[in-house]
Amino acid sequence: MNLACRHKATTRRLLAEHGVPSALSYLAEDPDQAVKIADKLGYPVVIKPRGHVGSAGVLRADTDDDVRAAVDRALTDSILGLEDWAVPGALVEEYIPGPEISVEAVVLDNPEHLPFAAVTRKSLGPEPQCQEVAHSVDAADPLLTDPVLAFIVTAAVRSLGATRAALHIELRLSPDGPRIIEVNGRPAGDRIPLLVEETTGINLRKALATLAAGGTPDLTPSRADAAAIGFLYPEHTGRIEHLALRGTLREQVWLERFVWTRATGTHVSAPPHASIDDRIAHWIVTGPTAEACTRRRVLVTDHLSVHISRPAHTTTCTT
C-alpha cells in the first residue's frame, strides 16, 4: 500500500484499472516526451513530480514551452531534503477544474464503506502553482454524508489495497463529480489533524498510534465546531526586513495559534517559484461555522505587516 500511495504513477495505474474517477495521467522521462503527452491530452495540463511533497514542482502548463519548463523543474526541484527519496520522472496529467478538498479517514479493514473522520476544504493560490494557502474543516460539512463522494473514496482505497491506515485523500469536485487527485498513506500535513481534533475531537495521530499497536481506535466525534488554518506567502522575492502582527488579535480566544515560520533576514521566494519552505507564517482560528472561521482567518491576514527588500527598492506588502 505504501508503494501504491507514494509513487504517483502506480496510484494512477491502479485507480484506472479499477475504474475509479481520476485524472488521466502519463509518465514522462524527459521534456520532449512530456510535450507529446500534453499535445495528446490537450491543454491545459498539470506537471507533477512522482515523489515530492507539499505540492513542490506541481504546475499548470498551457503551452509546449510551459511543459518543458515545468518538467525541468519537476526533475530538479528539492523540497525538505527529500531529493534522495524521490523517484525519477514526472507525470503529465489532465487538468481537472473545480474546488479541491481532502478526505481524512482511518481504515480498519478493506472497507465496503469508508466513514470519514473529516473533510478538508482547500484554498489554492494563483496558478500555475498549486500551492495551498488555507484549509478549513467543519464538523457539519455536508460532504461528510455525500454518497457519491463516499463511493469514490471507498473505491480508491480498495483499489490500492489500503488497510489499517490513516489516509489523506485529495480530490477535485469537477463539474462531472468528484475525481481523485492523490491518495496519501499517512495523515495530512499542514496541521490538518489539529483542525480535525479542534472540530470533531477525533485525534488522528492517536488513532494511527493505536493502529500501529494492533488496536482499534475510537473515532466517535465528541465536538461539532469548525476551524481553519492560513499560510502567508511573500508577495515578491527578497529578504525579510520586518514582521508584525498589528493590533490585539493574539488576545482573541478564537486565535488558537499564530506562528512566524521565517525570521527577519531570511531570503524567501514568491510564487510561482515558492515552495512550502517560503511560507512566512501560519495561524489557526476556530469558530462555530466554516463561514465564521473564514472571516477570522482573513481578519488575521488584514493585520499582518511584512516588509521584504528586493533589488532597486523596498516594497511594503501588507497581506
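Before reading further, recall that the structure is shown in the block above.
Residues numbered from 1 in each chain as written. Predicted model: local features only at pLDDT ≥ 70, side-chain atom pairs only at ≥ 80, totals over all residues. Heavy atoms only, no water.

1. As for the sheet that holds strand β3 (residues 59–61)
- Spatially, four strands are ordered β1-β4-β2-β3 in an open sheet, and the strand pairing comes out antiparallel. The sheet is open, and its two borders are formed by β1 (25–28) and β3, each paired with just one other strand. Each strand of the sheet is rotated relative to its neighbour by a mean of 30°, with strand direction disregarded.
- Where helix α3 (residues 31–41) meets the sheet, it contacts β1, β2 (45–49) and β4 (90–94), and its direction lies at approximately 165° from that of β1. (Pairing = 2+ DSSP bridges. Helix = DSSP H or I, 4+ residues; strand = E, 2+ residues; numbered from the N terminus. Axes fitted to C-alpha atoms, helices over the stretch in contact; angles between N-to-C directions. Contact = heavy atoms within 4.5 Å.)

2. Section: the packing of aromatic side chains
- All chains considered together, the criterion is met by two aromatic pairs.
- Residues F258 and W260 carry aromatic rings whose centres are separated by 4.9 Å and whose planes lie at 80° to one another, so their mutual orientation is edge-to-face.
- The class of F258 is buried, set by a relative accessible area of 10%.
- Here F258 and W283 contribute two aromatic rings whose centre-to-centre distance is 6.0 Å and whose plane-to-plane angle is 25°, an arrangement assigned as stacked. A residue pair is termed long-range when its members are at least 10 positions apart, and F258 in strand β12 (residues 255–260) and W283 in strand β14 (residues 281–287) qualify at 25 residues. A single burial state applies to F258 and to W283, both of which are buried.
- Taken together, F258, W260 and W283 form an aromatic cluster joined through their ring pairs.
- Residue placement shows R279 over the ring face of F231; its charged tip is 3.7 Å from the ring centre. (Phe/Tyr/Trp six-rings, centres within 6.5 Å; stacked < 30°, edge-to-face > 60°. Buried < 20%, exposed > 50% of the residue type's maximum accessible area, 1.4 Å probe, protein only. Lys NZ or Arg CZ within 6 Å of the ring centre and 35° of its normal.)

3. What to know about the environment of D176
- Relative to the helices and strands, D176 is located in the loop between β8 (165–174) and β9 (177–184).
- In this structure D176 comes out as exposed when scored by relative accessible area, which is 75%.
- Between the C-alpha atom of D176 and that of P97, which follows or precedes it by 79 residues, the distance is 9.9 Å.

4. So, the nonpolar core
- With 25 residues, the main nonpolar core has V103, L149, V153, V157, I169, L171 and I180 as its most contacted residues.
- Taken together, the elements giving at least two residues each to this core come down to α2 (8–17), β5 (100–107), β6 (116–124), α5 (147–159), β8 and β9.
- At six residues, α5 tops the list of elements feeding residues into this core.
- When near neighbours in sequence (up to four residues on either side) are disregarded, L149 contacts I101, V103, F116, L143, L171 and P178.
- A228, L245, W254 and I308 belong to the second-largest nonpolar core, a separate cluster that totals 20 residues. (Core = buried A, V, L, I, M, F, W, Y, C linked by side-chain atoms within 4.5 Å.)

5. Overview of the pattern of salt bridges
- Here the structure, examined in full by the defined rule, presents 16 salt bridges.
- In this structure, the salt-bridge partner of R68 is D32, at a minimum N-O distance of 2.5 Å. Of this pair, R68 sits in helix α4 (residues 64–76) while D32 sits in helix α3, and the two are 36 residues apart along the sequence.
- One salt bridge connects E182 with K48, and the closest N-O pair in it is separated by 3.6 Å. Pair noted here: E182 is in strand β9 and K48 is in strand β2, with a separation of 134 residues, a long-range link.
- A residue is classified by how much of its surface remains accessible, and E182, at 14% relative accessible area, is buried. (Salt bridge = Lys/Arg side-chain N within 4 Å of Asp/Glu carboxyl O.)

6. Regarding a negative patch on the surface
- Judged by side-chain charge, D39, D64, D65 and D66 come together as a negatively charged surface patch.
- Of the residues forming the negative patch, the biggest block, three residues, is contributed by α4.
- Within the fold, D64 resides in helix α4.
- Taking the relative accessible area as the measure of exposure, D64 reaches 31% and is therefore partly exposed. (Patch = residues over 30% accessible without salt bridge, like charges linked within 9 Å, V, L, I, M, F, W, Y side chains within 5 Å. Areas by Shrake-Rupley, 256 points an atom, 1.4 Å probe, with all protein chains shown as cover. Lys, Arg positive; Asp, Glu negative; His and termini not counted. Charge placed at Lys NZ, Arg CZ, Asp CG, Glu CD.)

7. Observations regarding the environment of G201
- Relative to the helices and strands, G201 is located in the loop between α6 (192–200) and α7 (204–212).
- The exposure class of G201 is partly exposed, given its relative accessible area of 28%.
- Placed 21 residues apart in sequence, G201 and S222 show a C-alpha to C-alpha distance of 5.1 Å.
- Each residue touching G201, except ones within four places of it in the same chain, is listed here: V196, S222 and R223.

8. Comments concerning the side chain of H282
- By secondary structure assignment, the location of H282 is in strand β14.
- Not counting residues up to four positions away in its chain, the partners in contact with H282 are R191, I229, G230, F231, R257, F258, V259 and T261.

9. Observations regarding the packing of α3 against α4
- Contact geometry of α3 with α4 gives a least axis separation of 9 Å together with a crossing angle of 135°. Looking at the two axes, α3 sits oblique to α4. Note that α3 runs across α4; the crossing there is right-handed. Across the interface between the two elements, P31, D32, A34, V35, A38 and D39 of α3 pack against D64, V67, R68, V71 and D72 of α4. (Parallel < 35°, antiparallel > 145°, perpendicular 65-115°, else oblique. Left-handed = near helix turned anticlockwise from the far one by under 90°.)

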